[in-house]
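# Observations on chain architecture
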Amino acid sequence: MSLSFAQVLIVASLLLGCGALAAARRLLAALPSLAAGAALCMAGVARFAAGRQDPDTGRELAVLVLVLGLATAILGAAWARGGAH
Amino acid sequence: MLGASELPAAPIEHDDRPEKSTGGARLDLVLTIVFYLGALLAVAGALVAALARRGPARLAGMLGLAVGGAVALAGLGAGFAAVTALVCLGGSALVIGGAGASLPAAGGGDQAAQLNLGAAVLLFAALAVVAVGGAAAGSFATGGGAAGFEATAVGRLLFGRDALASEAAGAALLVALAAGAAAWRQRP
């Protein structure tokens, strides 16, 4: 059993697909799924990239994507709460 | 005069060690199993979060997504990103999961939703084809570096080379927290 970039991309695209499904249903639960999928793509690129000059860049981008996902989730919750009242 | 070309060259040392040791292979296998377990939990949690009708089930799915995503990232050797995923995705689940919040309808009705769903299916199919058919270099054996908690290196990149991007993300989080607090205070 081995792991390569293809398997990581498939799992990340599954998460992105679940996020898109939740977004199609107008659910805020889409945001964490989308953020997790994007972060997994970034970490996978950092792990399996052909050029090994700067392998930490993908992990850094994954951290940034996750933080932005949290910020977007908070904004979305605030927007939904404002729209409900 | 001593020119650059006259400098004595350092002797080249040949590394006769084997490229892949038994311990490294065992670590690769363990990390692969950890990645697949985390991916399974994350995908199941994302599906439950997307399809559940009730708030508690959706919250449980999002918490499963947070834990599974963190475990999968740890399996990829990104320890700091795994901790960040646990905090950020768990925080997102607690913020939006329990109330079962949904976005207000923006118009367009079911046709727009079906169009989005079809686009999502097409996007997933395209990504899967690219992932299976594409060629990517490396594997765990040749990827370089063991699984670790690379907080120092990522911190240097975040606050040294890409400080502007880090500040932008921090500002976005700050604005989100302020807007969330303002919306929370406006509740009757």
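On to the overall build of chain B, then. Looking only at helices and strands, one finds 6 helices and 0 strands in chain B. Along chain B, from the amino end to the carboxyl end, the secondary structure elements read α-α-α-α-α-α. A separation threshold of at least 6 residues defines the contact pool for chain B, and within that pool the share at least 24 residues apart is 66%. When the accessible area of chain B is evaluated, it comes to approximately 11,500 Å², of which 67% is carbon and sulfur surface.

On to the packing of helix H2 (residues 30-48) of chain A against helix H2 (residues 55-75) of chain B. Packing of H2 of chain A against H2 of chain B leaves a shortest axis separation of 11 Å and a crossing angle of 5°. The pairing of H2 of chain A with H2 of chain B is recorded here as roughly parallel in orientation. For the pair H2 of chain A and H2 of chain B, contact is made by Pro32, Ser33, Ala36, Ala39, Leu40 and Ala43 of chain A and by Met62, Leu65, Ala72 and Leu73 of chain B, respectively. Its residues assigned to classes, the contact of H2 of chain A with H2 of chain B comprises 9 nonpolar, 1 polar and no charged.

What follows concerns helix H3 (residues 79-96) of chain B. The end-to-end C-alpha distance of H3 of chain B is 25 Å, a good match for the 26 Å that 18 residues give at a rise of 1.5 Å each. Listed as buried for H3 of chain B are Gly79, Ala81, Ala82, Thr84, Ala85, Cys88, Leu89, Gly90, Gly91, Ser92, Ala93 and Ile96 of chain B.

A separate point is the packing of aromatic side chains. Inspection of the entire model under this criterion finds 1 aromatic pair over all chains. Relative to Tyr36 of chain B, the ring of Phe35 of chain B has its centre 5.7 Å away and its plane inclined at 65°; by these criteria the two rings are edge-to-face.

When two helices pack together, their arrangement is given by the angle between the helix axes and the distance between those axes. All names here are of chain A. Taken N-terminus to C-terminus, the directions of helix H1 (residues 5-24) and H2 make an angle of 165°; their axes are 7 Å apart at the nearest point. Taken as axis vectors, H1 and H2 run roughly antiparallel relative to one another. Judged by the sense of rotation from one axis to the other, the crossing of H1 with H2 is left-handed. Counted together, Phe5, Val8, Leu9, Val11, Ala12, Leu15, Leu16, Gly19, Ala20, Ala22 and Ala23 of H1 and Ala30, Ser33, Leu34, Ala36, Gly37, Ala38, Leu40, Cys41, Gly44, Val45 and Phe48 of H2 form the full contact between these two elements. Taken together, the residues of the contact of H1 with H2 break down into 18 nonpolar, 4 polar and no charged.

All names here are of chain B. A surface patch of nonpolar side chains, about 290 Å² in accessible area, is lined by Leu41, Val67, Val71 and Leu86. Counting through the fold element by element, Leu86 comes out in helix H3. Classification of Leu86 as partly exposed rests on a relative accessible area of 44%.

Before going further, it helps to examine H2 of chain B. Given 3.6 residues per turn, any residue in an α-helix points the same way as the ones three and four places further on. Its 21 residues place the ends of H2 of chain B 30 Å apart at the C-alpha level, agreeing with the 30 Å of an ideal helix rising 1.5 Å per residue. In the stretch just after H2 of chain B, Gly77 of chain B is the one whose phi turns positive, near 85°.

All names here are of chain B. Mean pLDDT over chain B: 71, with 55% of residues reaching 70 or higher. Scored below 50 in pLDDT, residues 9-20 makes 3 contacts in the model with residues more than four places away or belonging to other chains. This model gives residues 135-147 a pLDDT under 50, and the stretch forms 23 contacts once residues within four places in sequence are excluded. Both scores are given for the predicted complex: the pTM is 0.70, the ipTM 0.89.

Cut-offs and rules
- Going along each chain's sequence as written, the residues are numbered from 1 onward.
- Chains and ligands are labelled by the order in which they are written, letters from A for the one and numbers from 1 for the other.
- For a predicted model such as this one, the threshold for reporting local features is a pLDDT of at least 70, and the threshold for listing and counting side-chain atom pairs is 80 or more; totals across whole chains, interfaces and linings nevertheless cover every residue.
- Note: side-chain values were computed over all heavy atoms of the structure, leaving out hydrogens and water.
- A run of H or I in DSSP counts as a helix once it spans at least four residues, and a run of E counts as a strand once it spans at least two, with each numbered from the N terminus.
- Any two residues whose heavy atoms approach within 4.5 Å are treated as being in contact.
- Per-residue and other accessible areas follow the Shrake-Rupley method at a 1.4 Å probe size, with only the shown protein chains counted as cover for residues.
- Each axis is a line fitted through C-alpha atoms, and for a helix only the stretch in contact is used; angles between axes span 0 to 180 degrees, taken between their N-to-C directions.
- Throughout this description, any angle smaller than 35 degrees is read as roughly parallel, any larger than 145 degrees as roughly antiparallel, any in the 65 to 115 degree range as roughly perpendicular, and the remainder as oblique.
- Residue polarity is assigned by list, with Asp, Glu, Lys and Arg as charged and Ala, Val, Leu, Ile, Met, Phe, Trp, Tyr, Cys and Pro as nonpolar; anything else, Gly included, falls into the polar class.
- One less than the number of residues in a helix, times 1.5 Å, gives the span that helix is expected to have.
- When a residue's accessible area, from a 1.4 Å probe over protein chains only, is under 20% of the maximum for its type it is buried; when over 50% it is exposed; and in between it is partly exposed.
- Centre distance within 6.5 Å is the pairing criterion for rings of Phe, Tyr and Trp, where only the six-membered ring of Trp is used; planes under 30 degrees apart are then read as stacked, over 60 as edge-to-face, and the remainder as tilted.
- Take the far helix as your reference; a near helix turned counterclockwise from it by less than a right angle gives a left-handed crossing, and one turned clockwise gives a right-handed crossing.
- Patches here are clusters of residues that have more than 30% relative accessible area and form no salt bridge, with a 9 Å joining cutoff for like charges and a 5 Å cutoff for nonpolar side chains (Val, Leu, Ile, Met, Phe, Trp, Tyr).
- Whenever Lys or Arg places a side-chain nitrogen within 4 Å of a carboxyl oxygen from Asp or Glu, that contact is recorded as a salt bridge.
- Residue-level confidence of the predictor is what pLDDT reports, using numbers from 0 through 100.

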